[in-house]
Amino acid sequence: MNTRPSNSHPLQTETDIHTVTTISQALQGARHELQACSPSPAVDAGILLCHVLACTSAHLIAWPEKELNAEQAMQFEQLVAQRKQGTPVAYLTGTREFWSLDFKVTPDVLIPRAETETLVEFIIETFSEQPSLNVVDLGTGSGAIACALARERPGWNITATDVSEQALVIAQHNATLNQVNIAEFVHGSWFEPIRDRQFDIIVSNPPYVAVNDPHLESGDLRFEPTSALTSGEQGMDDIRRLTQQAGACLKSGGWLILEHGFDQQQLVREAFGKSGFIDIIQRNDIAGLPRMSAAHKA
Ligand code: GLN
């Protein structure tokens, strides 16, 4: 007798003890479920199933016929349902890779993105000969930039700040998780907690999305902290503040290095120029979009 009602789905196993779900069926079902709502249904399905089974993606490929137990099937089903509602994969698994390091992420922090590696790459390349530098990552969020720099240059003295105490707790956790040494985590808005100090490098991935940007209504951005994303009508409020105030916290010749929107290159160049920064260097991200500007104090 067929115990499964005709409209049942391979993922709905918890009510039917005779039905088993294999890895391959679970993936297929999830891909189908996520097709309409995710730009990457197959990748999402794979990451979520690896999370549930605590396995690598190679395991999924090697063992397509392996069965999920009832608990695993139910947990996977729940995650797929949440993903279907739009929750970012990184918030569902609680982690995201950046610079080949693992970062814990929660809705208190922006999810680290590939474009931000552009800043890390630039800093490592440009200052590779400097054995000791004082660096501050302003608005560190998950700690992605600070931890990546600390991993590459353990001799540098790195400070990380954030206005969100919850974010600082996560950044601290990520430094421990990745066994990197961040000299100090300090709480406060932009220059407030470092007012009396001077650095060789100030780096930041500030909020830079315009408040009415339609992208805020789609994808992962809907679930990320608005305070880490938006910054006034042009998305330039925090970038302007950073360029205006950074000079006081930089040694002479010190660098300000900022991430920005792909369409803000010219505005950022002007903001740097107005505040007396020189030798402006702009870089494209991995997608070929202008994403980073760096300049130094005279
Ligand atoms: N790069 C992110 C995005 O456009 C925004 C991050 C930020 O505002 N710092 O999705």
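Residues numbered from 1 in each chain as written. Predicted model: local features only at pLDDT ≥ 70, side-chain atom pairs only at ≥ 80, totals over all residues. Heavy atoms only, no water.

Estimates place the volume of the second largest pocket at around 370 Å³. Forming the walls of the second largest pocket are 17 residues, and the residues nearest its centre are P39, R96, R113, D220 and L221. Of the residues forming the lining of the second largest pocket, the biggest block, three residues, is contributed by helix α2 (residues 41-53). Its residues assigned to classes, the lining of the second largest pocket comprises eight nonpolar, three polar and six charged. (1 Å grid on protein atoms, 1.4 Å probe; cavity = no way out; pocket = protein on both sides within 12 Å on 5 of 7 lines; lining within 4 Å. Points joined across faces, edges and corners; volume = space filled by probe spheres on them. Helix = DSSP H or I, 4+ residues; strand = E, 2+ residues; numbered from the N terminus. Nonpolar A, V, L, I, M, F, W, Y, C, P; charged D, E, K, R; others polar.)

The next point concerns the state of the cysteines. Scanning all chains against the criterion turns up zero disulfides. Just so you know, C37 is unpaired, no disulfide at all, and the nearest cysteine sulfur is the one on C50, 19 Å from it. Since its relative accessible area comes to 32%, C37 is described here as partly exposed. (Disulfide = S-S within 2.5 Å. Buried < 20%, exposed > 50% of the residue type's maximum accessible area, 1.4 Å probe, protein only.)

A few words on the packing of aromatic side chains. Under the counting rule described, the total for this entry stands at four aromatic pairs. Ring centres of F98 and F103 lie 6.0 Å apart, and the angle between their planes is 75°; on these two criteria the pair is classed as edge-to-face. Here the two residues F98 and F103 agree in accessibility, since each one is buried. (Phe/Tyr/Trp six-rings, centres within 6.5 Å; stacked < 30°, edge-to-face > 60°.)

Across its 13 residues, helix α8 (residues 165-177) extends 18 Å between first and last C-alpha, which sits within 8% of the 18 Å expected from 1.5 Å per residue. All buried positions along α8 are accounted for by A167, L168, I170, A171, N174 and A175. All buried residues of α8 project into a common sector of 160° when viewed along the axis, lining one side. Exposed side of α8, more than 90 degrees from the buried face: E165, V169 and T176 are the residues found there. Where α8 is buried, its residues touch β4 (101-104), α7 (144-152), β6 (157-162) and β7 (184-187). Two or three places before Q166, at the opening of α8, S164 has a side-chain oxygen 3.4 Å from that residue's backbone nitrogen. Phi turns positive, to about 55°, at Q179, one or two residues after α8. (Expected span 1.5 Å × (residues − 1). Arc of directions from axis to C-beta. Contact = heavy atoms within 4.5 Å. Polar contact = N/O pair within 3.5 Å; in protein donor to acceptor, adjacent residues only side chain to side chain.)

Moving on to the packing of helix α1 (residues 23-34) against helix α4 (residues 70-84). One way to put it is that α1 packs onto α4 with a least axis distance of 10 Å and a crossing angle of 20°. Comparing their axes, α4 and α1 come out roughly parallel. The crossing of α1 and α4 is right-handed. Contacts between α1 and α4 involve A26, A30, E33 and L34 from the former and F76, V80, R83 and K84 from the latter. Looking at the contact of α1 with α4 residue by residue, the classes come out as five nonpolar, no polar and three charged. (Axes fitted to C-alpha atoms, helices over the stretch in contact; angles between N-to-C directions. Parallel < 35°, antiparallel > 145°, perpendicular 65-115°, else oblique. Left-handed = near helix turned anticlockwise from the far one by under 90°.)

Neighbouring residues of the ligand: L110, R113, E115, N205, P206, P207, Y208, V209, L221, A228, L229 and E259. For the ligand, a nitrogen atom lies 2.8 Å from a polar atom in the side chain of Y208. Class assignment of the residues belonging to the shell around the ligand gives a composition of eight nonpolar, one polar and three charged. (Near = heavy atom within 4 Å.)

With that out of the way, let us pick up the confidence of the model for the protein chain. Low pLDDT means the predicted coordinates in that region are not meant to be read closely. Across the protein chain, the average pLDDT comes to 94, with 94% of residues at or above 70. Of the regions scoring below 50 in pLDDT, residues 1-8 engages in four contacts with residues more than four places distant in sequence or in other chains. (pLDDT = per-residue confidence, 0-100.)

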